[in-house]
Amino acid sequence: MNPDSIKQQPALALPSRPDVGAVIALLKPVTWFPPMWAFACGAVSAWGSGGGSWQLVAAGALLAGPLVCGASQAVNDWFDRDVDAINEPGRPIPSGRVPNRWGLRIAIAWTLLSLLFASVLGLWIFLAAVFGLVLAWAYSAPPARLKLNGWWGNGAVALCYEGLPWFTGAALIAGGLPDGRIITLAVLYSVGAHGIMTLNDFKAIEGDTRMGVRSLPVQLGAAAAAKLACLVMLLPQCAVVALLVAWGNPLHAGIVGALVLAQCLCMARLLTNPRRFAPWYNATGVSLYVLGMMTSAFAMQLAAVWP
C-alpha cells in the first residue's frame, strides 16, 4: 500500500465555546458541600430568632454553594491554568473544553450573578457575599495570590468555607446582624478549618515545591505541619465546649467534647504518617468536626427559642 494514499486523520477541533457539561465541571459541584453545610449551621443556629423559612434556606444554600463557591472555583481554575496544564491537564480549561478566555468570562459572570442574587436577600447577606468574593479573587488572582502562602491562603479558604456561610445563614434567618454568640462560633470554627485546609495540602507537596507554592507542609515539613494542623483544629473546639457550658448548654457541650475526643484518637493515627493518613483523616476526623458544628448550631437554636 502506498503510504501517500493513506488519508491523514484530521485533528480533533477544539470547541469555540464550552458546553454545559464543561461549565458545570469548571464550577466543581463536589466543592459546594462545605459552605452549604456551614450555611445550614448558621440557619439552624438562628432559627426561631427571626422570620426564617425553608424558602430562604434554599435561596441561601444556592448562594453559598453553586453561586459563590462555584465562582471561586472558576476564578481559581482560570488563574491556575498554566500550572494545571502540567499537573492536571484533564481539567476543563487546560483540556480545551473551556476554550480561549471563556474561563475568565465565566468567572466574572458567575461573580456578578452571585452579587445580584445576594443583593435581593438583604444587606448583611450582600456584604458577606462581597467579602467572600473579594477573598476568592485575592486567593487566586495576582497581585495578591494568597494561595502562594499557606498561612494566608488557608485562612482565606477557611473563612469562606466556614465562617462566612455560617454568618450568612444566621443573618438571613435573623433578618439582620446575628447574635454575638453565633458570630463567635462562626469565627472559632473558621479558625479550626485552617487546620483542615493544611491537611488538604499534603497531597501536593512535591508539586507545590516545584511551583513555588509555600504551603505549610512545604514551609514546615510534613510532621510539623500535621502537628500544627491538629492543634489549630483542637483549640477552637475546646473553646466552643467551654463557651457552650458558660452559655448554659452542658448537654451540647458534652456532645461536642466527645466528638473532640474522638478526633484526638484519629489524630494519633494521623501523626504516625501524615502524608499517608491525611486523606483518611479528612474522611473521618473532619466528619466529626462538622458534626460538632451542627451540634453547636442546635445549642444556639435552643438559646434563641428559650433564652
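For the structure itself, look to the data block above.
Keep in mind the model is a prediction, meaning the values are calculated, not measured.

What counts, and at which threshold
- Throughout, residues of each chain are indexed from 1 in the direction in which the sequence is written.
- Where local features are concerned, this predicted model is filtered to residues with pLDDT of at least 70; where side-chain atom pairs are given and counted, the filter is 80 or more; whole-chain, interface and lining totals use all residues.
- No hydrogens and no water enter the side-chain calculation; it runs on all heavy atoms of the structure.
- Helix numbering and strand numbering both begin at the N terminus, where a helix is a DSSP run of H or I of at least 4 residues and a strand a DSSP run of E of at least 2.
- Three labels apply to residues, based on accessible area from a 1.4 Å probe with only protein chains included: buried if under 20% of the type maximum, exposed if over 50%, partly exposed otherwise in between.
- Here an axis means a line fitted to C-alpha atoms, over the contact stretch when the element is a helix, while the angle between two N-to-C directions is reported on a 0 to 180 degree scale.
- Any angle that is under 35 degrees is reported as roughly parallel, and any over 145 degrees as roughly antiparallel; angles of 65 to 115 degrees are reported as roughly perpendicular and all others as oblique.
- Crossings are classed by handedness, with left-handed meaning an anticlockwise turn of the near helix from the far one by less than a right angle and right-handed meaning a clockwise turn.
- Any two residues whose heavy atoms approach within 4.5 Å at even a single point are treated as in contact.
- Basically, the charged four are Asp, Glu, Lys and Arg, the nonpolar ten are Ala, Val, Leu, Ile, Met, Phe, Trp, Tyr, Cys and Pro, and anything else, Gly included, counts as polar.
- A carboxyl oxygen of Asp or Glu within 4 Å of a side-chain nitrogen of Lys or Arg is what we treat as a salt bridge.
- The criterion for an aromatic pair is that two Phe, Tyr or Trp rings (for Trp, the six-membered ring) have centres within 6.5 Å, with stacked assigned to planes under 30 degrees apart, edge-to-face to planes over 60 apart and tilted to the rest.
- Charges are assigned to positions over rings by a cutoff of 6 Å between ring centre and Lys NZ or Arg CZ, combined with an angular limit of 35 degrees from the ring normal.
- To estimate how far a helix should reach, multiply one less than its number of residues by 1.5 Å.
- Fitting one axis to the seven residues ending at a residue and another to the seven starting there, the bend at that residue is the angle between the two axes.
- Counted as a polar contact is a pair of N or O atoms within 3.5 Å, where, for protein atoms, one must be capable of donating a hydrogen and the other of accepting one, and residues adjacent in sequence contribute only when both atoms are in side chains.

### Digging into the environment of Cys 264
Working step 1: Looking at the element boundaries, Cys 264 is found in helix H12 (residues 250-270).
Working step 2: Judged by relative accessible area, which is 31%, Cys 264 ranks as partly exposed.
Working step 3: Distance in space between the C-alpha atoms of Cys 264 and Gly 285 is 8.3 Å, their sequence separation being 21 residues.

### Examining the packing of helix H3 (residues 54-79) against helix H6 (residues 123-140)
Working step 1: Packing of H3 against H6 leaves a shortest axis separation of 8 Å and a crossing angle of 20°. By the criterion of interaxial angle, the relationship of H3 to H6 is roughly parallel. Of the two possible hands of crossing, H3 and H6 adopt the one that is right-handed. Of H6, the residues touching H3 (which contributes Leu 63, Val 68, Ala 71, Ser 72, Val 75, Asn 76 and Phe 79) are Ile 125, Leu 133, Ala 136, Trp 137, Tyr 139 and Ser 140.
Working step 2: Across the contact of H3 with H6, the residue classes break down as ten nonpolar, three polar and no charged.

### Topic: the pattern of salt bridges
Pairing is possible between side chains that carry opposite charge, provided their charged atoms lie close to one another.
Working step 1: The final tally for this structure, using the stated rule, is eight salt bridges.
Working step 2: Between Asp 84 and Arg 91 there is a salt bridge, and its shortest N-O distance comes to 3.3 Å.
Working step 3: With a closest N to O distance of 2.4 Å, Arg 275 and Glu 206 form a salt bridge. Linking Arg 275 in helix H13 (residues 274-305) with Glu 206 in helix H9 (residues 205-211), this pair joins segments that are 69 residues apart in sequence.
Working step 4: A network of salt bridges, in which partner residues are shared, links Lys 28, Asp 77, Asp 84, Glu 88 and Arg 91.

### Points about the packing of aromatic side chains
Working step 1: By the definition in use, this model includes seven aromatic pairs.
Working step 2: Residues Trp 166 and Tyr 189 carry aromatic rings whose centres are separated by 5.7 Å and whose planes lie at 15° to one another, so their mutual orientation is stacked. Of this pair, Trp 166 sits in helix H7 (residues 150-174) while Tyr 189 sits in helix H8 (residues 180-200); the two residues are 23 residues apart in sequence, bridging distant segments of the chain. A single burial state applies to Trp 166 and to Tyr 189, both of which are buried.
Working step 3: Of note, Arg 81 hangs over the ring of Trp 78, and the distance from its end group to the ring centre comes to 3.9 Å.
Working step 4: For the cation-ring pair, Arg 105 lies above Trp 102, with the distance from its terminal atom to the ring centre recorded as 5.0 Å.

### A short note on H7
Working step 1: With 25 residues, H7 extends 34 Å between its outermost C-alpha atoms, agreeing within 8% with the 36 Å of an ideal straight helix rising 1.5 Å per residue.
Working step 2: In H7, a bend of some 40° at Leu 159 exceeds every other bend along the element.
Working step 3: Where burial is concerned, most of H7 is hidden: 20 out of the 25 residues are buried.
Working step 4: Structurally, the start of H7 carries an N-cap: the backbone nitrogen of Trp 151 is 2.9 Å from a side-chain oxygen of Asn 149.
Working step 5: Backbone geometry just after H7 places Gly 175 at a positive phi near 75°.

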